[in-house]
Amino acid sequence: MVFLNGEFLPQKDAKISTLDRGFLFGDGVYEVIPVYNQNIFKLTEHLNRLDGSLRATKIKNPFTGNEYKNILTKLLKNNFAKNQTIYLQITRGVGESRSHNFKNLTPTIYIRVDELKIRNKNELVCGFKAIITKDIRWNNCYIKSTSLLTNVLYVEMAQANLVEEIILEKNGIITEGASSNVFILSKNTIKTPKINGEILAGITREMVIKSAIATNLEVKECDIKTSDLMDADEVWISSSTREVMPISQIGDKTFSSGGEVWQQVYNHFQTLKSE
Ligand code: PDD
């Protein structure tokens, strides 16, 4: 069962107009929200970020926090996996013709739930491969936009290079991953690019910072040069579907992974899931 514009219906019956601006222009925003044991993780934070994306794109937020909660609760009850992932998309709606101009339209809201397969600690400790490439996306990546053509091509690049993630750099400075935020561990300090309009303010990123501080680690939100990343002791990425994941190889360079500091942060992060 999925939710589409006020109705709960089977996925096969969920249909939208070919004049939907999400279909024609990628004119919409989305959220991906993890659910652990029927517990929605940081729902308020995700809904606040959704509201920010909607404001930035001048799409009216169709629901209040409680309305979202009621819809999500109903959808989650109909999906029996232990851990789940919510995909929530709002487009500007259906226009009268294909025109870049838009008037006040009724947004299209689509929500679905899938099983979330998270890797366990044993699978994570060995680390994963990444490569670095140029960040050629637009400058407003703080908006979680459904226009993801560049990101789709990065995923293709990752598959072709047999790596888990593509790490992006702009003018020699690391921005984020193609679908994650980036951390480095350097001389016992954890560093992550500071939030600006050019990267997504990851909810997992926020929680990794919280876990690091709670375990008495020093955290710096600052510029990270590509050379700093390559000289780091460890590299991690974070996202709603990967949690905090060690990177053990970038190109030919290998990094230690799954060490004591990562374990400390990972273990604390697990405690946040049942808060
Ligand atoms: N992506 N940066 C980008 C570009 C992302 O696409 C994501 C997440 C993140 C991490 O954000 P969060 O911790 O809130 O998941 C950072 C999701 C998972 C996706 O598009 O599927």
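Each remark here, short or long, concerns the structure printed above.
So, how was this worked out
Residues numbered from 1 in each chain as written. Predicted model: local features only at pLDDT ≥ 70, side-chain atom pairs only at ≥ 80, totals over all residues. Heavy atoms only, no water. Helix = DSSP H or I, 4+ residues; strand = E, 2+ residues; numbered from the N terminus. Pairing = 2+ DSSP bridges. Contact = heavy atoms within 4.5 Å. Axes fitted to C-alpha atoms, helices over the stretch in contact; angles between N-to-C directions. Buried < 20%, exposed > 50% of the residue type's maximum accessible area, 1.4 Å probe, protein only. Near = heavy atom within 4 Å. Polar contact = N/O pair within 3.5 Å; in protein donor to acceptor, adjacent residues only side chain to side chain. Phe/Tyr/Trp six-rings, centres within 6.5 Å; stacked < 30°, edge-to-face > 60°. Salt bridge = Lys/Arg side-chain N within 4 Å of Asp/Glu carboxyl O. Core = buried A, V, L, I, M, F, W, Y, C linked by side-chain atoms within 4.5 Å. Expected span 1.5 Å × (residues − 1).

A. The environment of lysine 103, seen in detail. Here lysine 103 shows up in the loop between strand S5 (83–91) and strand S6 (108–115). Along the chain, lysine 103 and arginine 92 lie 11 residues apart, while their C-alpha atoms are 9.6 Å from each other.

B. Fine view of the sheet that holds strand S1 (residues 2–4). Here six strands make up an open sheet; going across it, the order is S2-S1-S6-S5-S3-S4 and the pairing antiparallel. Whereas interior strands pair on both sides, the edge strands pair on one side only; in this sheet they are strand S2 (7–9) and strand S4 (39–40). Strand contacts of helix H2 (residues 43–57): strand S3 (28–36), S4 and S5, with the helix running at about 175 degrees to S3, the strand carrying the most contacts.

C. Quick peek at the environment of leucine 105. Along the polypeptide, leucine 105 turns up in the loop between S5 and S6. Taking the relative accessible area as the measure of exposure, leucine 105 reaches 26% and is therefore partly exposed. Not counting chain neighbours up to four residues away, the residues in contact with leucine 105 comprise Arg21, Arg92, Gly93, Val94 and Gly95.

D. Just the site of the ligand, in detail. Taken together, 18 residues surround the ligand, and among them Tyr30, Arg49, Glu176, Thr204 and Ser240 come closest. One of the side-chain N or O atoms of tyrosine 30 is found 2.7 Å from an oxygen atom in the ligand. Note that an oxygen atom of the ligand is positioned 2.8 Å from one of the side-chain N or O atoms of arginine 49. Sorting the residues of the shell around the ligand by element identifies S3, strand S9 (173–177), helix H6 (203–214) and strand S13 (234–239) as the ones contributing at least two each.

E. Layout of the packing of aromatic side chains. Applying the stated criterion across every chain, the model contains eight aromatic pairs. The interplanar angle of 70 degrees and the centroid separation of 5.2 Å between the aromatic rings of phenylalanine 3 and phenylalanine 8 together place this pair among those described as edge-to-face. Taking the relative accessible area as the measure of exposure, phenylalanine 3 reaches 2% and is therefore buried. For phenylalanine 8, a relative accessible area of 26% puts it in the partly exposed group. Put simply, the rings of Phe3, Phe8, Phe63 and Tyr68 pair up and form one aromatic cluster.

F. Inspection of the environment of threonine 254 at higher detail. By the secondary structure assignment, threonine 254 is in strand S15 (residues 253–254). C-alpha of threonine 254 to C-alpha of glutamate 7: the two residues are 247 residues apart in sequence and 50 Å apart in space. Setting aside residues no more than four positions away along its own chain, threonine 254 makes contact with Ser248 and Gln249.

G. Geometry of the pattern of salt bridges. Per the counting criterion, the structure on display carries 18 salt bridges. The closest approach of N and O atoms between glutamate 96 and lysine 103, which form a salt bridge, is 4.0 Å. Exposure remark for lysine 103: the relative accessible area of 62% places this residue in the exposed category. Note that glutamate 275 is salt-bridged to lysine 210, the shortest N-O span being 3.9 Å. Placement of glutamate 275 in the segment after helix H8 (260–272) and of lysine 210 in helix H6 is noted, with a sequence separation of 65 residues between them.

H. Quick peek at the nonpolar core. One finds Ile190, Leu229, Val235, Trp236 and Ile250 to be the most contacted residues of the largest nonpolar core, which totals 35 residues. Listing elements by their share of this core, those giving two or more residues are strand S7 (128–134), strand S10 (181–186), H6, S13, strand S14 (243–250) and H8. A total of six residues in this core trace back to one element, the largest contributor, which is H8.

I. View of H2. Relative to the 21 Å expected for 15 residues at 1.5 Å per residue, H2 spans 21 Å between its end C-alpha atoms, a close match to the ideal helical length. Buried within H2 we find Leu43, His46, Leu47, Arg49, Leu50, Asp51, Ser53, Leu54 and Thr57. Of the surrounding elements, those touching the buried residues of H2 are S3, S4, helix H3 (65–77), S5 and H6. Where H2 terminates, the next one or two residues include lysine 58, which has phi positive at roughly 60 degrees.

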